[in-house]
Amino acid sequence: MKQLIFICLIGLFTISCNQNKKAEQTTNQSTDEFAPSGDVVEVIYFHGTQRCPTCQAIEAETKSLIESSFADAINSKKLIFKIVDISKPENKAIADRYEVAWSSLFVNDWKKDQESVNNLTEFAFTNARNNPDAFKRGLSEKINEFLAN
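Just so we're clear, the structure is a prediction, and the values are computed from it rather than from any experiment.

Student: A description of the pairing of strand S3 (residues 104-111) should follow, citing residues and the corresponding values.
Tutor: Across a regular strand the side chains alternate sides, sitting on one face of the sheet and then on the other. With 7 of its 8 residues buried, S3 lies for the most part within the structure. As paired strands, strand S1 (residues 40-47) and S3 are joined by 7 bridges and run antiparallel to one another. Bridge pairing in S3 places Phe46 opposite Ser104. What sits between the antiparallel neighbours S3 and strand S4 (residues 114-116) is a turn of 2 residues, in which Lys112 has the positive phi angle 50 degrees.

Printed below as a string of structure tokens:
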């Protein structure tokens, strides 16, 4: 009887370890699916379904800046701009990766498959609506800093 219990415990432990290994592989695969290829600057604006005027200004001012000042970088694929609705189930994994639960702005520098994450959310909320020129200037400086490296 003790042998049967011991065998059952070993079986449960083995199954548990295999499930944890599969979960780790899935996590790594889902993380890799967000990594752009090559050296690139990535601007990601996250938002939910309901957005305040400041949230809307962050998106509008970011989009305006990128379209007017960084068209060449977008066309040459040195800059990627993403708008991610975190209320959609298909965007849950990327929202989890960056630990966002509301409107957020990130400018990330990818070099040799290594990501430098820069959360500009506080800066964006402080400036995008009330001081859009300062917002665009600061965002532009951060993007240019990464493009120059």
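After that view, the rundown keeps rolling.
Student: Please give an account of the packing of aromatic side chains that cites residues and values.
Tutor: One pass over the structure, following the stated rule, counts 4 aromatic pairs. Judged by centre distance (5.8 Å) and plane angle (50 degrees), the rings of Phe46 and Tyr98 are tilted. Separated by 52 residues along the polypeptide, Phe46 in strand S1 and Tyr98 in the loop between helix H4 (92-97) and S3 bring together distant segments of the chain. The class for Tyr98 is buried, based on a relative accessible area of 7%. With a centroid separation of 5.8 Å and 25 degrees between ring planes, the pair formed by Phe123 and Phe135 is classed as stacked. One end of the pair, Phe123, is in helix H5 (residues 121-127); the other, Phe135, is in helix H6 (residues 132-148), and 12 residues separate them in sequence. Here Phe123 falls in the partly exposed class, since its relative accessible area comes to 28%. Given a relative accessible area of 0%, Phe135 falls into the buried group. Taken together through their ring pairs, the aromatic side chains of Phe46, Tyr98 and Phe106 make up a single cluster.

Thresholds, definitions, all that
- Residues numbered from 1 in each chain as written.
- Predicted model: local features only at pLDDT ≥ 70, side-chain atom pairs only at ≥ 80, totals over all residues.
- Heavy atoms only, no water.
- Buried < 20%, exposed > 50% of the residue type's maximum accessible area, 1.4 Å probe, protein only.
- Helix = DSSP H or I, 4+ residues; strand = E, 2+ residues; numbered from the N terminus.
- Pairing = 2+ DSSP bridges.
- Phe/Tyr/Trp six-rings, centres within 6.5 Å; stacked < 30°, edge-to-face > 60°.

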